[in-house]
Amino acid sequence: MTEVDVGVLGVGTGGEDLALQLLDSGLEVAGIEPGLVGGECPYWACIPTKMAIRAANLVAEGRRLAGVAGRAEVVPDWSQVARRIREEATGGWDDGPAAARFEERGGILLRGRGRLVGPRRVAVGDETVVARIGVVVATGSRPAIPPIPGLDGVDFWTTREAVSAEALPASLAVIGGGAVGCELGQVFARFGVEVSVVEGRSRLLGNEEPEASHLVATVFEREGIRLHLGVAVDRVERVETGTRLVLGDGSNIEVEKTLVATGRSVSLADLGLETVGLDPTARYLEVDERMRAGEATWALGDVTGKAMFTHMALHQSAVIAADMTGRDPDPIDYEAIPRVTFTDPEVASVGLTEAQARERGLAVAVANKDVPSTFRGWLHDTDQPGLIKLVIEESTGTLLGATVAAPHGGEVLGLLTLAVQERHTVSSLRRLTYAFPTFHGGVGEALGAYARGTGTVIDPAYASAGYLD
């Protein structure tokens, strides 16, 4: 038996961060992890995918040099990206350094799949961890594999296989037009792969503003990515050249490889939650403002269903660390969680979309700015479209939400996240001095258009633009 102050069930990014905070505060911590310490983010998701995106963007920028240098020939080489992902980002998918760091800080690392066996108790193989304060469930999520007939009979990719690929296929079908499907689809297309994206909804990035969806679709089609929107995959068949996808509209796609990017799912069934009075059949673990799920049980990250982002798990880990060490945690404003899709251009959003605000019965106005027509957009001189969209409550002038689709859109989002969280009004934002010429200066230009009445949409006829589901 191992007795500690806290048991952390799952040492992914959030669990590791929490454990290290607790260790630094003097608590004894046992981490239970069947996979790699650090989880998805450093080995298969955030870090290696963004490294690949950076490389793909450099390829695109190099090709744009023709307009400046008169000529430019770029021959992309995926093997160099694969080498950097393998050697620099993931260390060959070896968590030895992370495990050593955990143990050097005083943590006890138990390798294996843990299961709750009562309040404050976790079984790991033949070992039982007894946690005096309690247990944190941070077991993350896994790729959601849709029940498409025939899919289990072909050798398909998830993000794990995609980012660890040493060589790329000649052709690729991406099932799913969300953030991951769009990001990796564009990356591989820029490295010479013939890419088709299949999305059951009528547009890409279905949770974002429809204007942003249309913008990304325009860019993808210009880059040669084939889009099949509003159509499902009826079945998948193995063929001599790879895989055939038979679509609901009667058409089919034959490709060498298929990437399934249809989101992530959480499984609570095998965690022993019933032994602490929690429902193992629930979709997510419900938590309060202190991330408490039940008696001596906390939860963080994907299993809470709040938002499946690394920055969400890290914020939640800070709340739990404060709660466990007797401090009042800073509450999380779930209405102001930023999200970024790292396509080119990036699509960065926070708060409510226009449609979400209207669904709540709010009367809203919209300020818009076309990024290429901003001073920085013009100077940047790419052929990529871009937009800034601000959703404003008419009665109070409060900023309810914002979307920036632009180069470095995620960096511009910082200003707007603060504004949404602190319920700033348009008048307060207009009092700011915006550096010139910057992309964030486009926010000031959008607000100027709003003040002049040229960037305002009040009528629900917005839906007639043709981009909505």
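Reading the values: the criteria
Residues numbered from 1 in each chain as written. Predicted model: local features only at pLDDT ≥ 70, side-chain atom pairs only at ≥ 80, totals over all residues. Heavy atoms only, no water. pLDDT = per-residue confidence, 0-100. Contact = heavy atoms within 4.5 Å. Axes fitted to C-alpha atoms, helices over the stretch in contact; angles between N-to-C directions. Helix = DSSP H or I, 4+ residues; strand = E, 2+ residues; numbered from the N terminus. Parallel < 35°, antiparallel > 145°, perpendicular 65-115°, else oblique. Left-handed = near helix turned anticlockwise from the far one by under 90°. Buried < 20%, exposed > 50% of the residue type's maximum accessible area, 1.4 Å probe, protein only. Arc of directions from axis to C-beta. Phe/Tyr/Trp six-rings, centres within 6.5 Å; stacked < 30°, edge-to-face > 60°.

When pLDDT is low, close inspection of the predicted coordinates is not appropriate. Taken as a whole, the chain shows an average pLDDT of 93; of its residues, 95% reach a score of 70 or greater. Here residues 456–469 scores under 50 on pLDDT; set against residues more than four positions off or in separate chains, the count is 33 contacts.

Before going further, it helps to examine the packing of helix α3 (residues 46–64) against helix α8 (residues 179–190). For the pair α3 and α8, interaxial distance at closest approach is 9 Å and the crossing angle is 45 degrees. If you check the angle between α3 and α8, you find them oblique. Pair α3 / α8 crosses with left-handed handedness. Touching Thr49, Lys50, Ala52, Ile53, Ala56, Asn57, Val59, Ala60, Arg63 and Arg64 of α3 are Glu183, Leu184, Val187 and Arg190, all from α8.

Among all positions of helix α5 (residues 78–89), only Trp78, Val81, Ala82, Ile85 and Ala89 are buried. Each buried residue of α5 sits inside an arc of 100 degrees when the element is viewed along its axis, so together they form one side. In this structure, the buried residues of α5 make contact with α2 (40–43), α3, α7 (159–163) and α8. In the segment just after α5, Gly91 is the residue with positive phi, at about 60 degrees.

Another point: the packing of aromatic side chains. One pass over the structure, following the stated rule, counts five aromatic pairs. Judged by centre distance (5.9 Å) and plane angle (55 degrees), the rings of Tyr43 and Trp44 are tilted. We classify Tyr43 as buried; its relative accessible area is 5%. Judged by relative accessible area, which is 12%, Trp44 ranks as buried.

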